[in-house]
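Given next are the chains, with one letter for each unit.
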Amino acid sequence: MKIYNTLTGRKEEFVPIEPGKVRMYVCGPTVYNLIHIGNARPMIVFDTARRYMEYKGYEVNYVSNFTDVDDKIIKKAIEEGVEASVISRRYIEECKKDMAAMNVRPATTHPLATEEICGMLEMIRTLIDKGHAYVAADGTVYFRTRSFREYGKLSHKNLDDLRGGSRSLLVSGEDQKEDPLDFVLWKPKKEGEPYWDSDWCEGRPGWHIECSVMSRKYLGEEIDIHAGGEDLIFPHHENEIAQSESANGRTFARYWMHNGFLNIDHKKMSKSLGNFFTVRDIAEKYDLQVLRFFMLSAHYRSPLNFSADLMESAASGLERIVTSVENLKFLLGGAKEENLRAGEEELLKEADGFRVEFEEAMDDDINTADAVSALFELVKFANTKADAGSSAAFLSALLSQLRTLADVLGLIVDKKEEMLDADIEAMIAARQAARKAKDFAKADAIRSELLEKGIVLEDTREGVKWKRA
Ligand code: AMP
Ligand code: ZN
């Protein structure tokens, strides 16, 4: 498998540190609002990379943080008159719901910045001891950027060019820096902000230090893959490298993967520009599988422009796969012959060629666009070669191949089975009986089971009402 490594600017053969295992860290969202579909892009594409590596037999330890202390979270908390943690917890829960609806699997670990302060203090102390950081008069701790000789190696920037550019960015309080390029590791609290005690001042961490610390804690000093959107290359990932490599004295991450922007009218979708759709907005109009399919129909490094037309074509593309799967299931139900019939073995060999094409595409820097084309070819093949005379063995082989490849992309291609009204009524009756018997755990379990099947219950004065979500 080849991966394009931002660090070297080349596609490289992927060789993990430990054979058969992958340690991967993906920078997660800052949780102060519902996520927009730009934020959803790294979630979907790196979830797909993870699924593909697992399909190839790797055991993937996948860590993705939630940044739960940040200026924007604090601002929102002040607006609502609540603690910052109320805001961050709320949006972490909402984000997890969106992830589930997009079939993005939960990470092995989702660390929270506010729960890792101890580790941050420790790394900052090490950096000060090693001369890579210093404490200013007001207790702010800065990273001494020039002390890390390789600074700029990820973003391919030259320190002197950066220096010229950053002078104009001087803001108040920054004059206590030794060098304009130095960045904050720890800063003093302001009135009304969450803070922690430290050797230097009561305050809170800068943004970059959290990822260095969480990556080391959950994956080790050296990891295989570090990923995120391309806007994170500089300064976030450059600063993470400077902190981690200065503190640990060894390579931080071997491969750096960055997704391109999701654009709207060819401009980056972002909260600050106000040109965004939340994942929830999209969910009102489409099944989020369509959004996932739309994202995967482009290569993850290419810019992708969001448009209603492209969403429509994603919807019909996905429908083609689902219809083919339904058709195979239908034929399987009526198949008369169990074992492969004459000629079917050769046909299955031909079908296997599409799996090979699919894998070649994914091996080539997770090229989901070409992998989707291979999947479509398999669909076309299944639609033309499977019929009422096909054997059950042939049909199930095709079906399982389609499902397996779709699953690598995280696409659900089996139609959700609609529950019959009578079955719903029976479950509601069982729930009422459980409540009467004061078995509330059982009553709740039935309610959740119904919810999973898309049935929402409402307890009203006239009794229980239900609707399909
Ligand atoms: P943030 O909450 O802004 O830190 O972003 C969380 C993740 O979403 C990061 O990996 C960003 O690079 C990524 N991201 C934000 N906006 C976009 C966009 N328009 N297109 C692609 N990725 C984005
Ligand atoms: Zn990060």
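Below or above, wherever it landed, is the structure these notes cover.

Calculation criteria
- Residues numbered from 1 in each chain as written.
- Chains lettered and ligands numbered in written order.
- Predicted model: local features only at pLDDT ≥ 70, side-chain atom pairs only at ≥ 80, totals over all residues.
- Heavy atoms only, no water.
- Helix = DSSP H or I, 4+ residues; strand = E, 2+ residues; numbered from the N terminus.
- Expected span 1.5 Å × (residues − 1).
- Buried < 20%, exposed > 50% of the residue type's maximum accessible area, 1.4 Å probe, protein only.
- Contact = heavy atoms within 4.5 Å.
- Salt bridge = Lys/Arg side-chain N within 4 Å of Asp/Glu carboxyl O.
- Donors = N, O, S within 2.8 Å, 3.2 Å for Na, K, Ca; no water.
- Tetrahedral: all angles 85-135°; square planar, octahedral: opposite > 155°, others 65-115°.

**Looking at helix H10 (residues 308–334)**
Here is step 1: Helix length check: H10 (27 residues) gives 39 Å between terminal C-alpha atoms against 39 Å at 1.5 Å per residue, within 8%.
Here is step 2: For H10, the complete set of buried residues consists of Met311, Ala314, Gly317, Leu318, Ile321, Val322, Ser324, Val325, Leu328 and Leu331.
Here is step 3: Elements in contact with the buried residues of H10: helix H8 (279–285), helix H9 (288–296), helix H12 (368–385) and helix H13 (392–408).

**With respect to the pattern of salt bridges**
A side chain of one charge can pair with a side chain of the opposite charge if their charged atoms are brought near each other.
Here is step 1: Summed over all chains, the structure comprises 39 salt bridges.
Here is step 2: Residue Asp160 pairs with Arg146 through a salt bridge whose shortest N-O separation is 3.4 Å. Residue Asp160 is found in helix H5 (residues 159–167), and its partner Arg146 is found in the loop between strand E6 (141–143) and H5; the two are separated by 14 residues along the sequence.
Here is step 3: By relative accessible area, which is 52% here, Asp160 ends up exposed.
Here is step 4: You can call Arg146 partly exposed: its relative accessible area is 35%.
Here is step 5: In this structure, Arg447 engages Asp459 in a salt bridge whose closest nitrogen and oxygen atoms are separated by 3.4 Å.

**Overview of the coordination of the zinc ion (ligand 2)**
Here is step 1: At the metal site, the zinc ion (ligand 2) is ligated by Cys27 (SG), Cys211 (SG), His236 (NE2) and Glu240 (OE), and these contacts range over 2.0 to 2.6 Å.
Here is step 2: One can describe the donor arrangement at the zinc ion (ligand 2) as irregular, given that its four donor atoms subtend angles of 68 to 124 degrees at the metal.
Here is step 3: Donor residues for the zinc ion (ligand 2), ordered by position in the chain, follow C-x183-C-x24-H-x3-E. Residue Cys27 is found in the loop between strand E3 (21–26) and helix H1 (37–55), and its partner Cys211 is found in helix H6 (residues 208–219); the two are separated by 184 residues along the sequence. The exposure classification of Cys27 matches that of Cys211, with both residues buried.

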